[in-house]
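Tertiary structure, described
One letter stands for each residue in the lines below.
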Amino acid sequence: MDTTQEQPVITVSAVVLRDDQDRVCHVRKVGTQAFMYPGGKPEHGESATETAVREAREELGLQLRVEDLHDWGTFTSVAANEPNTVLRSRVFTVDYQIWQDQDLQPHAEIEELRWIPIDGDDPGLPQGTFLADLATEIRTRMQQCAIGYLTGTSRAQLGRAEPIYRPESR
């Protein structure tokens, strides 16, 4: 007899913001230890893109439009702040040129904003904090994509079906 119970699922939209120094914006909510991407749960009747735009505005003061978003697809991971819960994240990115002149600051439930480099093994987080599973997975994939780009390895060889964002040439 199967005694496993189905875990609750939380659906969110997340926004990956990569700057011109190959760092990615992560946020930590008040009273938590996990750094994650800005984003959150949809309001009733809201699409994934509308949720991403609203959450970026509420959490960072970032002014975006739905058409500014690039869809990276849906990722499934373990929720960082809800025990025994699955996180289903629709992940978007925005070209740096669109938001580069905006002053991103923590708002609402966000206690801390931190820019974490894509490269290297140690993301340099404060003691007692950690990267959420989704952030770790995407960071790893961004590193793999950079290696593939430098060595000529294709995305398919890296096991990557959906597009990975790379800032336009500077």
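Definitions and limits used
Residues numbered from 1 in each chain as written. Predicted model: local features only at pLDDT ≥ 70, side-chain atom pairs only at ≥ 80, totals over all residues. Heavy atoms only, no water. UniProt positions renumbered as here; feature names shortened; annotations may be inferred. Pairing = 2+ DSSP bridges. Helix = DSSP H or I, 4+ residues; strand = E, 2+ residues; numbered from the N terminus. pLDDT = per-residue confidence, 0-100. Contact = heavy atoms within 4.5 Å. Buried < 20%, exposed > 50% of the residue type's maximum accessible area, 1.4 Å probe, protein only.

Under an unreviewed UniProt entry, the protein chain has the name NUDIX domain-containing protein and belongs to Auritidibacter ignavus. Word for word, the UniProt comment on the protein chain under Sequence similarities (unreviewed entry) is "Belongs to the Nudix hydrolase family."

The 4 strands lie next to each other as 4-1-6-5, forming an open sheet whose pairing is mixed. At either margin of the open sheet sits one strand with a lone partner, and together these are strand 4 (39-40) and strand 5 (69-78). Note that strand 1 (residues 9-16) and strand 4 share 2 bridges and pair antiparallel. Counterpart to S13 in the pairing with strand 4 is G40.

Further remarks concern the confidence of the model for the protein chain. In this model, the protein chain carries a mean pLDDT of 84, and residues with pLDDT of at least 70 account for 82%. Averaged over each element, pLDDT in the protein chain is lowest for helix 3 (residues 133-151) (76) and highest for helix 1 (residues 48-60) (98). Ignoring residues within four places in sequence, the model shows residues 149-170, a span with pLDDT below 50, making 36 contacts including any to other chains.

It is worth spelling out unusual backbone geometry at this point. Phi at D22 is positive, roughly 60°, even though this residue is not glycine. Mapped onto the elements of the fold, D22 is located in the loop between strand 1 and strand 2 (23-29). Take D22: its relative accessible area is 30%, and that puts it in the partly exposed class. Look at N84: it is not a glycine, yet its phi comes out positive at around 55°. With respect to the helices and strands, the residue N84 is situated in the loop between strand 5 and strand 6 (86-94). Residue N84 is classed as exposed on the basis of its relative accessible area of 60%.

The element strand 1 is largely enclosed, with a buried count of 6 among its 8 residues. Looking at chain direction, strand 1 and strand 6 are connected through 8 bridges and run parallel. By the bridge assignment, A14 is partnered in strand 6 with V91.

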